[in-house]
Amino acid sequence: MGLEWEVQVRFPSDTPVAGIELNPWVRVNYKGSYVSPPNYALQFAWYREFSTLPKCVEDYVAFQDHASRDSSMTIYGGGLNQEKHGLLNSEGLKIVDGEGKTWIQVGSSRTYTPSEDDINSSLRLVSVAIDDMGIKMSINVFVTTPVIRLPRPYPRHMIVFCSLRKLRNPKCIATPFKEESFRVLSYNILADLYTVSGAYTHCPNWALTWEYRRRNLLNEILSYDADILCLQEVYSANEYVIDGCATFFRHDRFKIVIKYEVEYDKMALPVIEVLEPDKRNDGLFRLMKDNVALVVILEEKDNGRSQDAARSTICVANTHIHRGSDASDVRLFQVVNLIRGLEKIDSSGIPILICGDMNSLPGSDPHRFLINGEVGCFSEKFRDPLGIHKHLKLSHSMHLACAYAHLLDSNEVGQHQKGKMDYQAMEPLFTCFKPSLTGTLDYILYSKNRLKVDGLLKLLDYDSLEKRLLPSPLWSSDHVALMANFRVKRASRGVQYLSPPPDPWEQQNKQTDV
């Protein structure tokens, strides 16, 4: 008796969405084991459930005749003859299964992207394994639930602050002048590996698949039309890296001057070395995290400007700070070390932007350090089991402000938007809205002495989230995107900047007292 092989087919979800590619996991092995056959080929056929039976007997008879003349097709529950070899690849072919349902072939490859024509109809994937002798080894038939339509996106518009331009533009057009301002987006897009942990059971499974989330996120991000994108939790499927940061910019607007890749692990080593000997192992475990920052210095391109028009240079830092609930000392350590290097760049006169998920609520020590320029008396129960705070310089000379605080400062913003702000903290009520936490963790900070906020992306509230936790079918991350328009202040345009150090953080790593 020969081996009994089987074709295994799995989908991330059995609910297809129009426009989202279906890419099943397919494997052939011996039943009850993971032993695979040495040589085999797979053939596929996709079918859509036909909404009505043939309208006349003649069509039905003609169909039966067509199927009977082809050795690879019969009318039975499996849809395919398991004794014969081959699949029809002629799209439009109809078959009838054992329940009397009619199916029309729509594809013949492993993947399939449902179309508008498929909405409200189930799909049927027939997968056949064939050995190198051309003998059919096994067959699998998978039927999905009916195809659904993509949710209608919720538009988020910019609030443009017109007061700065009314003298030159009395009507104050709805969008700022592209040649004078630039738009920066910060967004934690939720790494794919975190969606399979069971933490988001409130969200339908089909809306958690990466195929769906990738399409939804891409559509959302493109709709914002940003000049600079700072994304966090960008998953690379690298076994040595969990997730990281990615920064994108328009090549027709900027050119890169220099890039710094900041690894907080490297900054931890000098501190661990000066700890008491019995704390060094704990220091390695506590401080050696895989969080990073990506810092780029960009220069505006002239793009046909007049010769006397000044070009600006900006520094954009993109980071994702450690999120452990009992790691307030680690978060402060990382934020302080990020600022230590940026402070050296700031001293060269270059305007600074800091975007990212700080995993720190307003009023926390990392937040107070960033905004106030120092933190002395700790505002929270500061857990410092290693005694690392005495190795940190808990002050800086940068003039930083949070972009969204401008919503409360502006007379051009209505109460509806201001109602989405925490008046005391001067931050949004939330940028993260998930089962385990609701609050503001994400920020866009800027050099308030060199940059001016020219516009902000409208905030979301519970109604615009359809009173659902994140992620959801409409919003594919557990964070919300933040975006701001900036312009360089006139006093900082065309300034002859000092050259930034080759690597501000490398110099810092060589010091024992950070």
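Basis of the calculations
Note that residues are indexed from 1 along each chain, following the sequence as it is written. At least 70 in pLDDT is required for a residue's local features to be given in this predicted model, at least 80 for side-chain atom pairs to be given and counted, and no such filter applies to totals for whole chains, interfaces and linings, which use all residues. Hydrogens and water are ignored here; the side-chain numbers use all heavy atoms of the structure. A pair of strands counts as paired when DSSP detects no fewer than two bridges linking them. In DSSP terms, a helix is any run of H or I states spanning at least four residues, a strand is any run of E spanning at least two, and both are numbered starting from the N terminus. The axes used here are C-alpha line fits, helices contributing only the stretch in contact, and every angle between their N-to-C directions lies in the interval 0 to 180 degrees. Any pair of residues with heavy atoms lying within 4.5 Å of one another is described as a contacting pair. Each angle receives one of four descriptions, namely roughly parallel if under 35 degrees, roughly antiparallel if over 145, roughly perpendicular if within 65 to 115, and oblique otherwise. Side-chain classes follow a simple rule in which Ala, Val, Leu, Ile, Met, Phe, Trp, Tyr, Cys and Pro form the nonpolar group, Asp, Glu, Lys and Arg form the charged group, and the remainder, Gly included, forms the polar group. A crossing counts as left-handed when the near helix is turned anticlockwise from the far one by less than a right angle, and as right-handed when that turn is clockwise. A pair of aromatic rings is counted whenever rings of Phe, Tyr or Trp (Trp by its six-membered ring) have centres within 6.5 Å, and the orientation is called stacked for planes under 30 degrees apart, edge-to-face for over 60 and tilted otherwise. With a 1.4 Å probe rolled over the protein chains alone, any residue whose accessible area is under 20% of its type maximum counts as buried; one over 50% counts as exposed, and the rest are partly exposed.

Student: Any chance you could explain the sheet that holds strand 7 (residues 136-143) here in plain terms?
Tutor: Strand pairing in a sheet takes place through backbone hydrogen bonds and is either antiparallel or parallel in direction. Sheet architecture is open: 5 strands sit in the order 4-5-3-6-7, paired in antiparallel fashion. Strands with a single pairing partner mark the edges of an open sheet, and in this sheet they are strand 4 (94-96) and strand 7. Across the sheet, the mean angle separating the axes of adjacent strands is 30° when strand polarity is ignored. Judged from the 7 bridges that link them, strand 6 (residues 123-131) and strand 7 form a sheet pairing that is antiparallel. Looking at strand 7, one finds that Leu-125 is bridged to Phe-142.

Student: What's the story with the sheet that holds strand 21 (residues 442-447) in this structure? I'm lost.
Tutor: Taking strand neighbours across the sheet as the criterion, the 6 strands line up as 12-13-14-15-21-16 in an open arrangement whose pairing is mixed. Bordering the open sheet on either side are strand 12 (254-263) and strand 16 (400-402), each of which pairs with just one other strand. Looking at each pair of strands side by side, their axes are set apart by 20° on average, direction ignored. Summarising the sheet, strand 15 (residues 352-357) and strand 21 pair through 5 bridges and their orientation is antiparallel. Opposite Asp-357, over in strand 21, you have Asp-442 as the bridge partner. Along the sheet, helix 3 (residues 264-273) makes contact with strand 12, strand 13 (292-300) and strand 14 (313-320), crossing strand 12 at roughly 45°. Strand contacts of helix 6 (residues 365-372): strand 16 and strand 21, with the helix running at about 120° to strand 16, the strand carrying the most contacts.

Student: What should I look at first to understand the packing of helix 3 against helix 5 (residues 328-346) in this one?
Tutor: Two packed helices can be described by the angle between their axes and the distance between those axes. It is the contact of helix 3 with helix 5, at a shortest axis distance of 10 Å, that shows an interaxial angle of 100°. Compared by their axis directions, helix 3 and helix 5 come out roughly perpendicular. Where helix 3 abuts helix 5, its residues Tyr-264, Met-267, Ala-268 and Val-271 lie against Phe-333, Gln-334, Asn-337 and Leu-338. Classifying every residue of the contact of helix 3 with helix 5 gives 6 nonpolar, 2 polar and no charged.

Student: Can you help me understand the packing of helix 5 against helix 6 in this one?
Tutor: The N-to-C vectors of helix 5 and helix 6 enclose an angle of 20°; their axes lie 9 Å apart at closest approach. Looking at the two axes, helix 5 sits roughly parallel to helix 6. Here helix 5 and helix 6 pass one another in a crossing that is right-handed. Seen from helix 5, the contacting residues are Arg-331, Leu-332, Val-335, Val-336, Ile-339 and Arg-340; seen from helix 6, they are Asp-365, Pro-366, Phe-369 and Leu-370. Tallied by class, residues from the contact of helix 5 with helix 6 come to 7 nonpolar, no polar and 3 charged.

Student: Honestly, the packing of aromatic side chains in this entry has me stumped. Any pointers?
Tutor: How two aromatic rings sit relative to each other is given by the distance of their centres and the angle of their planes. In total, this model carries 13 aromatic pairs according to the counting rule given. Both rings, one in Phe-182 and one in Phe-486, keep their centres 6.1 Å apart while their planes meet at 35°; by these two values the pair is tilted. One end of the pair, Phe-182, is in strand 9 (residues 182-188); the other, Phe-486, is in strand 23 (residues 482-488), and 304 residues separate them in sequence. A centroid spacing of 5.3 Å and a plane angle of 50° characterise the contact between Tyr-446 and Phe-486, whose relative ring orientation is tilted.

Student: How do you make sense of the side chain of His-320 when you look at a structure like this?
Tutor: Locating His-320 in the fold gives a position in strand 14. Residue classification places His-320 among the buried residues on the basis of a relative accessible area of 8%. Each residue touching His-320, except ones within four places of it in the same chain, is listed here: Asn-188, Gln-232, Glu-233, Asp-243, Cys-245, Asn-291, Val-292, Asp-357 and Asn-359.

Student: I tried to follow unusual backbone geometry on my own but got confused; where do I start?
Tutor: A negative phi angle is the norm for most residues apart from glycine, just as the trans form is the norm for most peptide bonds. Following Leu-470, the chain continues to Pro-471 via a peptide bond in cis, the omega torsion being -5°. In this structure, Pro-471 sits in the loop between strand 22 (451-457) and strand 23. Phi at Asp-225 takes a positive value of approximately 55°, unusual for a residue other than glycine. If you trace the backbone, Asp-225 turns up in the loop between helix 2 (210-224) and strand 10 (228-234). Taking relative accessible area as the criterion, Asp-225 reaches 35% and is therefore assigned partly exposed. One non-glycine residue, Glu-233, lies in the positive phi region at around 55°. Looking at the secondary structure, you find Glu-233 in strand 10.

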